[in-house]
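Descriptive analysis of the structure
Chain residues, written in single-letter form:
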Amino acid sequence: MEGVIIERTIENLERNGFSVKFFEDSQSAKEAMLEEIKPDQTVGFGGSMTIVDMGIYEILKERGNPVYWHWKAGEGEDRKELLKQAANTDVYFSGTNAITECGRLVNIDATCNRISGILFGHDKVIIVSGVNKITRSLDEALVRIKNIATPANAKRLGIKTPCAEVGKCMNCDSEDRICRATLIIDRVPRANPITIYLINENLGY
Ligand code: SF4
């Protein structure tokens, strides 16, 4: 990703009310975000392969923060209960499907816990993203999500959507369709401050 595009994206995100912290690598981003979260704060998570790969949930759990993530439900744990608990935490972590150069966040969700958590209910939202999620336009963001992120997610989850089979969106009407709601944030939500940890690496999908 060209530096000038990254700079323009950061400028536009800030103009739209987001806080942006830029890091050259995920290790330094991880250190900064762990410093930002107080040891007694409760932390909820929305689905994100970037966050899985960075091991943030495990580190916070290990150091004693109460953490809630349905992806990490253990034997006998109720996923629905974890989703509800994650919706009521001090801090909410999520990835994002795309960030447009004009400073918008774009996400498509199935359960919709992630888009709901990004929008409301937390003292602090932390979005973790590699620069590979930056797109030149809103149209490109939607194309990216439907043809890269969603097919990969459907495949990973073993969901039988057409995109999992052919690797691109077929605008399906499947029972299993995972594109159920699209969230485009034009400007940071009034009561949910969002900080974007933007990392100069290709992370997640
Ligand atoms: S609409 Fe259907 S085929 Fe298209 S990306 Fe979503 S789940 Fe896949």
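Whatever comes next refers back to the structure up there.
Residues numbered from 1 in each chain as written. Predicted model: local features only at pLDDT ≥ 70, side-chain atom pairs only at ≥ 80, totals over all residues. Heavy atoms only, no water.

Moving on, we get to the overall build of the protein. For the protein, the helix and strand inventory stands at eight helices and ten strands. Here the C-alpha radius of gyration of the protein, 16 Å, is about what a compact globule of 205 residues would show, namely 17 Å. When its C-alpha atoms are laid out on the principal axes, the protein stretches across 45 × 45 × 30 Å. Within the protein, the proportion of its 205 residues that are buried is 48%. Considering only residue pairs separated by 6 or more positions, the protein has 73% of its internal contacts joining residues 24 or more positions apart. (Helix = DSSP H or I, 4+ residues; strand = E, 2+ residues; numbered from the N terminus. Rg over C-alpha atoms; globule rule 2.2 N^0.38 Å. Buried < 20%, exposed > 50% of the residue type's maximum accessible area, 1.4 Å probe, protein only. Contact = heavy atoms within 4.5 Å.)

Moving on, we come to the pattern of salt bridges. Tallied over the entire structure, the rule returns seven salt bridges. Of the charged contacts in the structure, one is a salt bridge between K21 and E36, with a shortest N-O distance of 3.0 Å. Linking K21 in strand β1 (residues 19-23) with E36 in helix α2 (residues 26-36), this pair joins segments that are 15 residues apart in sequence. The partner of R104 in a salt bridge is D186, with the nearest N and O atoms 2.8 Å apart. One end of the pair, R104, is in the loop between β5 (98-100) and β6 (105-109); the other, D186, is in the loop between β9 (181-185) and β10 (194-199), with 82 residues separating them in the sequence. Judged by its relative accessible area of 27%, R104 is partly exposed. D186 sits in the partly exposed class, given a relative accessible area of 42%. (Salt bridge = Lys/Arg side-chain N within 4 Å of Asp/Glu carboxyl O.)

The next subject is the site of the ligand. Residues in contact with the ligand, as listed here, are K146, T150, T161, C163, C169, M170, N171, C172, R177, I178 and C179. Within the shell around the ligand, the residues separate by chemical class into six nonpolar, three polar and two charged. (Near = heavy atom within 4 Å. Nonpolar A, V, L, I, M, F, W, Y, C, P; charged D, E, K, R; others polar.)

Time to look at α2. Considered for burial, the residues of α2 that qualify are S26, A29, K30, M33, L34 and E36. All buried residues of α2 lie within an arc of 155° about the axis, which places them on one face of the element. On its buried face, α2 sits against β1, α3 (49-54), α4 (56-63), β4 (91-94), β7 (124-130) and β10. Its side-chain oxygen 3.2 Å from the backbone nitrogen of Q27, D25 forms the N-cap of α2. (Arc of directions from axis to C-beta. Polar contact = N/O pair within 3.5 Å; in protein donor to acceptor, adjacent residues only side chain to side chain.)

So, about the sheet that holds β5. A sheet is described by the order of its strands in space; here four strands give the open sequence β8-β5-β6-β9, paired in mixed fashion. Of all the strands in the sheet, the pair left with one neighbour each is β8 (134-135) and β9. One ladder, built from five bridges, connects β6 with β9; its direction is antiparallel. Counted as the bridge partner of N107 is L183 from β9. (Pairing = 2+ DSSP bridges.)

If you walk through the whole model with that rule in mind, you get six aromatic pairs. An angle of 5° between the planes, with centres 5.4 Å apart, marks the rings of F23 and Y197 as stacked. Of this pair, F23 sits in strand β1 while Y197 sits in strand β10; the two residues are 174 residues apart in sequence, bridging distant segments of the chain. Judged by relative accessible area, Y197 falls into the buried class, the value being 0%. Arranged with centres 5.6 Å apart and planes meeting at 70°, the rings of F45 and Y57 form a pair that is edge-to-face. With a gap of twelve residues between them, F45 in strand β2 (residues 43-45) and Y57 in helix α4 connect regions that are remote in the sequence. Residue classification places F45 among the buried residues on the basis of a relative accessible area of 1%. Each residue in the set F45, Y57, W69, W71 and F93 is aromatic and connected to the rest through ring pairs, giving one cluster. (Phe/Tyr/Trp six-rings, centres within 6.5 Å; stacked < 30°, edge-to-face > 60°.)

Glancing now at the environment of G117. Residue position: G117 is located in helix α6 (residues 113-119). Residue classification places G117 among the buried positions, given a relative accessible area of 3%. In this structure G117 touches Y92, H122, V125 and N192, once residues within four positions along its chain are discounted.

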